[in-house]
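# Breakdown of the fold
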Amino acid sequence: VLMILVLTLVPMLASVSAQASDVPLKVALILSGPANDQGWNAIAVAGIKAAEEEFGIESAYSENVSIADSEAAYRDYAAQGYNLIIGHGFQYGEPAANVSKDFPDQYFMATEAASQSDNMASFVMSCEQGAYLMGMLCSGMSKTGTIGVVGAMEQPSITKELEAFKLGAKEINPDVKVLEIYINSYVDAALGKEAAMNMIGQGADVLYHVANQAGTGVITAAQEKGLLACGNSYDQNSIAPETVMCSTVYNMPKVITTAVGQVEKGEFKGGVYYLGMAEGVVDIAGYNSFEDKIPQELKDKVAAKKQAIVDGSFTVPRIETPTK
């Protein structure tokens, strides 16, 4: 009885691996943009919701957290006794590792990062696998032989997609011209649109983005000009049904429930973990209204390449430094 009383009065002192009591796990999520962005941040919120359903966790999230404010956000949630604090994006890796050292009995995580500590892990999705297939599709659908891709920040988690996109495009058409622009924003849709219009002015007729909320501006530009685009992180056909042919989709709920399950069982370990198509975490959406507009031969090539990635007979190179 005394033991239960102490745990009730001082929940922050309880070992987070000892979750046998009725106290639910507390999990917090730190986002770079709005939770309802129909893309990168929305998939992480879906992950938290999935963890609520599966594990009965108590959750919270913070939107629009800048890199400058991220360490304070981690620290604040840790001080409130959250058992697992997840930063959704590469930029949150280093702050998570820094704060983790001051809270050894709690767990920290960042998606797409490269940082780790004893109680901090990076869960990295092999997003380059989906981007390669988007490159094949965009290249195959281009009439001008010029396509474009907009990246948010020049950082490994985004660069690996742009580089894979270029490789996939050249598999279909070795002579394709791929324009690329990094806009230094995750959220500024006007910047995304401006970059896309710049590419369209140079002859690009199919566009892709790896730019979170800012990427919706790329889709808008293609829509206004009657051109084609591919979405990222989420089936973005819903944003512009006559423009977005296909999208990369990431099973962030699986990533987050995997991490929460490890914490609940006391099995969470620091490290960098990769999850891709073979693990059911990276995929591409259906073609929606474009099912009959994309040549069957091109769809077959994309499907065959996807199967080769899943069964391991083809490995998409992970290139994290830009090649101009």
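Computed from a predicted structure; not experimentally measured.

Criteria and cut-off values
- Residue positions are given per chain, counted from 1 along the sequence in the order it is written.
- It should be noted that, the model being predicted, local features are given only for residues of pLDDT at least 70 and side-chain atom pairs only at 80 or more, the latter also being counted only at that level, while totals for whole chains, interfaces and linings use all residues.
- The side-chain quantities take in all heavy atoms of the structure and omit both hydrogens and water.
- Helix numbering and strand numbering both begin at the N terminus, where a helix is a DSSP run of H or I of at least 4 residues and a strand a DSSP run of E of at least 2.
- For this measure, only C-alpha atoms enter the radius of gyration; the expected value for a globule follows 2.2 Å times N^0.38, where N is the number of residues.
- Working definition: with a 1.4 Å probe on protein chains only, accessible area under 20% of the residue-type maximum means buried, over 50% means exposed, and in between means partly exposed.
- Contacts: residue pairs with any heavy atoms within 4.5 Å of one another.
- Here the Shrake-Rupley method, with its probe set to 1.4 Å, supplies the accessible areas, and only the displayed protein chains count as covering residues.
- Neither His nor the chain ends contribute to the count of charged residues, in which Lys and Arg are positive and Asp and Glu negative.
- We put the charge of a Lys on NZ, of an Arg on CZ, of an Asp on CG and of a Glu on CD.
- In this analysis, strands are considered paired if DSSP registers two or more bridges between them.
- Helix axes use the C-alpha atoms of the stretch in contact, all axes being lines fitted to C-alpha atoms, and the angles between their N-to-C directions lie in the range 0 to 180 degrees.
- Salt bridges, as used here, are contacts in which a Lys or Arg side-chain nitrogen is within 4 Å of a carboxyl oxygen on Asp or Glu.
- Side-chain rings of Phe, Tyr and Trp (the six-membered ring for Trp) are treated as a pair once their centres are within 6.5 Å; stacked means planes under 30 degrees apart, edge-to-face means over 60, and tilted covers the remaining angles.
- Over a ring means this: the NZ of a Lys or the CZ of an Arg is within 6 Å of the ring centre and within 35 degrees of the ring normal.
- Any pair of N or O atoms that falls within 3.5 Å is considered a polar contact. Within protein, one atom must be able to donate a hydrogen and the other to accept it, and sequence-neighbouring residues count only if both atoms are side-chain atoms.
- Comment on the angle field: the value is read as roughly parallel under 35 degrees, roughly antiparallel over 145, roughly perpendicular from 65 to 115, and oblique elsewhere.
- By convention the crossing between two helices is left-handed if the near helix lies anticlockwise of the far one by an angle smaller than a right angle, and right-handed if it lies clockwise.
- When residues are sorted by character, Ala, Val, Leu, Ile, Met, Phe, Trp, Tyr, Cys and Pro go into the nonpolar class, Asp, Glu, Lys and Arg into the charged class, and all the rest, Gly among them, into the polar class.
- In this text, buried Ala, Val, Leu, Ile, Met, Phe, Trp, Tyr and Cys residues form a nonpolar core when linked through side-chain atoms within 4.5 Å.

The next thing to look at is the overall build of the protein. A tally of helices and strands in the protein yields 10 helices and 12 strands. For a compact globule of 324 residues, the expected C-alpha radius of gyration is about 20 Å, and the protein comes in at 21 Å, within 12% of that figure. Judged by the C-alpha coordinates and their principal axes, the protein covers about 75 × 40 × 35 Å. When the 324 residues of the protein are sorted by exposure, 55% land in the buried category. Taking contacts inside the protein between residues at least 6 apart in sequence as the whole, the part at least 24 apart equals 71%. Surface summary for the protein: the accessible area is close to 13,300 Å², and the carbon and sulfur share equals 52%. Where the 21 positive side-chain charges of the protein centre and where its 38 negative ones centre are 6 Å apart.

Phi angles above zero are rare outside glycine, and Gln38 is one such case at about 55°. Relative to the assigned elements, Gln38 resides in the loop between β1 (26-30) and α2 (40-55). Despite not being glycine, Ser233 has its phi angle at roughly 80°, a positive value. Tracing the backbone shows Ser233 in the loop between β9 (228-231) and β10 (244-250). Among the residues examined, Ser233 registers a relative accessible area of 1% and is labelled buried.

As a further point, take the sheet that holds strand β2 (residues 58-62). As summarised here, the arrangement of the 6 strands in space is β2-β1-β3-β4-β5-β11, forming an open sheet in which the pairing is parallel. Pairing within the sheet leaves two strands with one partner each, and these edge strands are β2 and β11 (271-275). Sheet twist, expressed as the mean angle between neighbouring strand axes with direction ignored, is 20°. Strand contacts of helix α3 (residues 67-79): β1, β2, β3 (84-88) and β4 (107-111), with the helix running at about 170° to β1, the strand carrying the most contacts.

As a further point, take the pairing of β1. Most of β1 is tucked away, with 5 of its 5 residues classed as buried. As defined by bridge partners, β1 adjoins β3 across 4 bridges and the pair is classed as parallel. Of the residues in β3, the one forming a bridge with Ala28 is Ile85.

The next subject is the pattern of salt bridges. Counted by the stated rule, this structure contains 13 salt bridges. Ionic pairing is found between Glu180 and Lys166, a salt bridge with its closest N-O pair at 2.6 Å. Placement of Glu180 in strand β7 (residues 177-182) and of Lys166 in helix α6 (residues 156-172) is noted, with a sequence separation of 14 residues between them. In this structure, Lys299 engages Glu291 in a salt bridge whose closest nitrogen and oxygen atoms are separated by 2.9 Å. Its relative accessible area of 36% is what places Glu291 among the partly exposed residues. Residues joined by salt bridges that share partners form a network here, namely Glu112, Glu128, Lys160 and Arg318.

Given two aromatic rings, one states the distance between the centres and the angle between the planes to describe the pair. On inspection of all chains with the given rule, the structure shows 9 aromatic pairs. Ring centres 6.4 Å apart and planes at 85° place the aromatic pair Trp40 and Tyr250 in the edge-to-face group. Pair noted here: Trp40 is in helix α2 and Tyr250 is in strand β10, with a separation of 210 residues, a long-range link. Residue class for Tyr250 comes out buried when judged on its relative accessible area of 5%. Site record: aromatic cluster; members linked through ring pairs are Tyr107, Phe123, Phe268 and Tyr273. Note that Lys293 overlies the ring of Phe290, its terminal NZ or CZ placed 4.8 Å from the centroid.

Let's shift gears to the side chain of Glu112. Position of Glu112 among the secondary structure elements: in the loop between β4 and β5 (120-125). At 2.8 Å, the side chain of Glu112 and the side chain of Lys160 are in polar contact.

On to the packing of α2 against helix α9 (residues 252-265). For the pair α2 and α9, the least separation of the axes is 8 Å and the interaxial angle reads 45°. Put simply, α2 runs oblique to α9. Crossing of α2 against α9: the hand is right-handed. Contact residues: Ile43, Ala44, Ala46, Gly47, Ile48, Ala50, Ala51, Glu54 and Phe55 in α2; Met252, Pro253, Ile256, Thr257, Val260, Gly261 and Glu264 in α9. Of the residues belonging to the contact of α2 with α9, the class tally is 11 nonpolar, 3 polar and 2 charged.

Formed by 84 residues in total, the largest nonpolar core has its most connected members in Leu84, Met125, Leu137, Tyr208, Met245, Val260 and Phe268. In this structure, Ala60, Val65, Tyr74 and Phe103 belong to the second largest nonpolar core, which totals 19 residues.

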